[in-house]
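A closer look at the structure
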Amino acid sequence: MPAQIHCPQEGARADKYENWADPIDAPCRSAAAVAPHATDPLPDITKALYVGGAGNVVGRLVDDQEDVTFANVPAGALLPFRFSHVRTDTTATAIVALY
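What comes next is a walk through the structure. Just so it is clear, the structure is predicted and the values come from calculations on it, not from any experiment.

**As for the side chain of lysine 47**
- Tracing the chain through its elements places lysine 47 in the loop between β1 (31-33) and β2 (48-53).
- A distance of 3.1 Å separates the side chain of lysine 47 from the backbone oxygen of proline 23, its partner in a polar contact.
- With residues near it in sequence (within four places) discarded, lysine 47 still touches Asp22, Pro23, Ile24, Ala26, Pro27, Cys28, Pro80, Phe81, Arg82, Leu98 and Tyr99.

**Points about the sheet that holds strand β6 (residues 83-86)**
- Taken together, the three strands give an open sheet; going across it, the order is β4-β3-β6, and neighbouring strands pair in antiparallel fashion. Across the chains shown, the open sheet's two edge strands, defined by having one partner strand only, are β4 (68-73) and β6. Looking at each pair of strands side by side, their axes are set apart by 40° on average, direction ignored.
- Bridge analysis of strand β3 (residues 55-61) against β6 gives three bridges, and the strand direction is antiparallel. Bridge pairing in β6 places leucine 61 opposite phenylalanine 83.

**Some remarks on the environment of serine 84**
- Relative to the helices and strands, serine 84 resides in strand β6.
- A relative accessible area of 9% places serine 84 in the buried class.
- In sequence terms serine 84 and proline 41 are 43 residues apart; their C-alpha atoms lie 5.7 Å from each other.
- Look past the residues within four positions of serine 84 in its chain and what remains in contact with it is Pro41, Leu42, Ile45, Arg60, Leu61 and Val62.

Rules used in this analysis
Residues numbered from 1 in each chain as written. Predicted model: local features only at pLDDT ≥ 70, side-chain atom pairs only at ≥ 80, totals over all residues. Heavy atoms only, no water. Helix = DSSP H or I, 4+ residues; strand = E, 2+ residues; numbered from the N terminus. Polar contact = N/O pair within 3.5 Å; in protein donor to acceptor, adjacent residues only side chain to side chain. Contact = heavy atoms within 4.5 Å. Pairing = 2+ DSSP bridges. Axes fitted to C-alpha atoms, helices over the stretch in contact; angles between N-to-C directions. Buried < 20%, exposed > 50% of the residue type's maximum accessible area, 1.4 Å probe, protein only.

These figures come from the coordinates and say nothing about function on their own.
As structure tokens, then:
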């Protein structure tokens, strides 16, 4: 008898890595627009932030107790840090959280 082959639902793409661990250095699997906030954390800890419009990014990294400013981040930059917060003091725009 031939081996069974798993066929995804029509229109779905197979993910041959879906059962593998997702280490921090693996490619990001999802993304979401960031809405900076004065006090609230991001919904999840990021793998990185993509900055669409140049400016400063003010935020807190996952193991820190204080905010840090990444000054003069150019448009199109990727900040490969695990952010827990992005603050309203941020002047960069079109920020996307990568997970």
